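Architecture and fold: a report
Take a look at the letters that make up each chain.
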Amino acid sequence: MRKLLVTGGAGFIGSNFVHHVIDHTDDHVTVLDKLTYAGNLASLEGLPTDRFRFVQGDIADPRVVDELFADVDAVVHYAAESHNDNSLHDPRPFLDTNIIGTYTLLEAARRHGRRLHHISTDEVYGDLELDDPARFTETTPYNPSSPYSSTKAGSDLLVRAWVRSFGVQATISNCSNNYGPYQHVEKFIPRQITNVARGTRPKLYGAGENVRDWIHADDHSSAVLTILDRGAIGETYLIGADGEKSNKDVVELILTLMGRPADAYDHVTDRAGHDLRYAIDSTKLRTELGWAPRYPDFEAGLAATIEWYLSHEPWWAPAKDATEAFYAAKGQ
Ligand code: NAD
Ligand code: TDX
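Since we're looking at a predicted model, the values are computed, not measured. (Residues numbered from 1 in each chain as written. Chains lettered and ligands numbered in written order. Predicted model: local features only at pLDDT ≥ 70, side-chain atom pairs only at ≥ 80, totals over all residues.)

Some thoughts on the overall build of the protein
A count of helices and strands for the protein gives eleven helices and twelve strands. Over its C-alpha trace the protein gives a radius of gyration of 19 Å, about what one expects of a compact globule, namely 20 Å for 332 residues. Taken along the three principal axes of its C-alpha coordinates, the protein extends 55 × 45 × 40 Å. (Helix = DSSP H or I, 4+ residues; strand = E, 2+ residues; numbered from the N terminus. Rg over C-alpha atoms; globule rule 2.2 N^0.38 Å.)

Structure follows, in structure tokens:
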């Protein structure tokens, strides 16, 4: 039985990964999570106590990190400050967690000789024009736009340097936009679903022409497990499921699936520096490691996600009012 340490496992994608590992492997999972506003223990309810334990702590705290690294076989690093809008409001926690936190984990991986998989984002590559036939690949130059994406880019470069300079056994994945259960209501899709559920109109930034490349969180998890098992040390793999959609199309689909008129939404103040389009070419992961997504139908995945939010109001309601107050103060 392999022993995994999952940082940020009480967040959106980390908790989906923990459920995926428990369902599809014999591994034991320890979650290290600070429980910031984005962490939610309710996302980890019902896991078998003989295969799962939770530790509250900061990835930038070398004492707790060192103790946990001593007792595991491999580490999957999800913990981050993850929301672009928050990074425009207050960048400091992004530096502390994404840069210093990742540095702290790399030093522990080096001391203990542990395998580390670092989770990152396609946003490190900047953005593409709407009519550009290009997609991001593993060789696209880094060109991040926001405080969030620049700290993720910095953390990726630290991982690469620790592999090359110190022989740390690490891999990196850069994934496109995730959707699915357990995503915080600050993010685009859950915000609009829960707005409609509460009788509030969805809020589209600017004209809504920006394109995101959507992947179900469970497909992200299966890709990460594949890289952990079969990825080559020092390599980067892009994860994506060919799910490009404009924000306007997504809002209209949410409204239609929820039985409302497709135009019953508001245009609000655009995000500063708003990236136009992301698009992932995941050929390397598919051909070299044999991975394929299991949820290629975005509309079906979105319908299931809407059902999940409608039946889990106690999970999201406590965060909804504060999130909307934050946006309202910015005219969003
Ligand atoms: P999230 O904000 O939902 O969860 C982040 C988790 O990390 C929370 O549980 C939080 O409590 C924890 N955390 C924050 N700071 C910490 C610290 N200092 N120490 C320990 N724990 C801490 O984020 P998410 O959307 O699940 O993203 C997870 C990872 O995936 C991030 O690294 C993010 O960059 C990456 N990613 C996200 C997406 C996406 O679409 N959401 C896409 C690609 C990559
Ligand atoms: O109310 C909204 N209205 C709106 O039009 C919100 C919250 C967002 N948007 C737009 C902005 C983006 O173009 O929707 C798109 C998606 O926004 P977010 O959910 O904030 O995601 P994004 O900024 O694309 O970043 C996400 O994907 C990449 C994650 O939050 C990152 O952690 C990940 O790295």
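Structural notes on the sheet that holds strand 3 (residues 52-56)
Taken in spatial order, the seven strands line up as 3-2-1-4-5-6-10 in an open sheet, and their pairing is parallel. Edge positions in the open sheet fall to strand 3 and strand 10 (236-239), since each of these has one partner strand only. Across the sheet, the mean angle separating the axes of adjacent strands is 20° when strand polarity is ignored. Of the strand pairs in this sheet, strand 1 (residues 3-7) and strand 2 (residues 28-33) are connected by five bridges, and their pairing is parallel. By the bridge assignment for strand 2, L5 is matched with T30. Relative to strand 4 (residues 74-77), helix 4 (residues 92-112) is tilted by about 170°, and along the sheet it contacts strand 1, strand 4, strand 5 (115-121) and strand 6 (170-175). (Pairing = 2+ DSSP bridges. Axes fitted to C-alpha atoms, helices over the stretch in contact; angles between N-to-C directions. Contact = placed C-beta atoms within 7 Å.)

Notes on the site of ligand 2
The immediate surroundings of ligand 2 are formed by 16 residues, with S82, T121, K187, F188 and Y205 found nearest. Looking at the shell around ligand 2, the elements with two or more residues in it are helix 6 (188-197) and strand 8 (203-205). If one sorts the elements of the shell around ligand 2 by residue count, strand 8 sits on top with three residues. (Near = placed C-beta within 6 Å.)

Thoughts on the site of ligand 1
Residues in close proximity to ligand 1 total 30 residues, the closest being G8, G11, A38, G39 and A80. In terms of residues, the shell around ligand 1 owes the most to one element, helix 1 (residues 12-24), which gives three residues.

Let's talk about the sheet that holds strand 7 (residues 177-179)
Pairing in this open sheet of three strands is mixed, and the strands run 7-9-11 from one edge to the other. The sheet is open, and its two borders are formed by strand 7 and strand 11 (244-246), each paired with just one other strand. The mean angle between the axes of side-by-side strands here comes to 50°, regardless of whether they run parallel or antiparallel. In this structure, strand 7 lies alongside strand 9 (residues 211-216), joined through three bridges in parallel fashion. Counted as the bridge partner of N178 is I215 from strand 9.

Remarks on the packing of helix 1 against helix 7 (residues 217-230)
Running from N to C, helix 1 and helix 7 point in directions that differ by 65°, and their axes come no closer than 9 Å. In this structure, helix 1 meets helix 7 at a crossing whose hand is right-handed. Across the interface between the two elements, F12, I13, N16, F17, H20 and V21 of helix 1 pack against A217, D218, H220, S221, S222, V224 and L225 of helix 7. Of the residues in the contact of helix 1 with helix 7, the class split is seven nonpolar, five polar and one charged. (Left-handed = near helix turned anticlockwise from the far one by under 90°. Nonpolar A, V, L, I, M, F, W, Y, C, P; charged D, E, K, R; others polar.)

Structural notes on unusual backbone geometry
Excluding glycine, residues mostly have negative phi values, and the peptide bonds linking residues are mostly trans. Of note, L35 is a non-glycine position whose phi angle comes to about 55°, a positive value. Of note, L35 is situated in the loop between strand 2 and strand 3. C-beta crowding within 10 Å serves as the criterion here: with 14 such atoms nearby, L35 is assigned to the partly exposed category. The phi angle at D242 is positive, at roughly 55°, despite the residue not being glycine. Among the structural elements, D242 can be located in the loop between strand 10 and strand 11. Accessibility expressed as a C-beta count within 10 Å gives 16 for D242, which makes it partly exposed. (Buried ≥ 20, exposed ≤ 12 C-beta atoms within 10 Å, placed from the backbone.)

Comments concerning the packing of helix 8 (residues 247-257) against helix 10 (residues 298-311)
The geometry of helix 8 relative to helix 10 is characterised by a closest axis approach of 10 Å and an angle of 60° between their N-to-C directions. As judged from the angle between their axes, helix 8 and helix 10 are oblique. Our pair here, helix 8 against helix 10, has a crossing hand that is right-handed. Listed contacts from helix 10 to L253, I254 and L257 of helix 8 are E299, L302, A303 and I306. Class assignment for the residues of the contact of helix 8 with helix 10 results in six nonpolar, no polar and one charged. (Parallel < 35°, antiparallel > 145°, perpendicular 65-115°, else oblique.)

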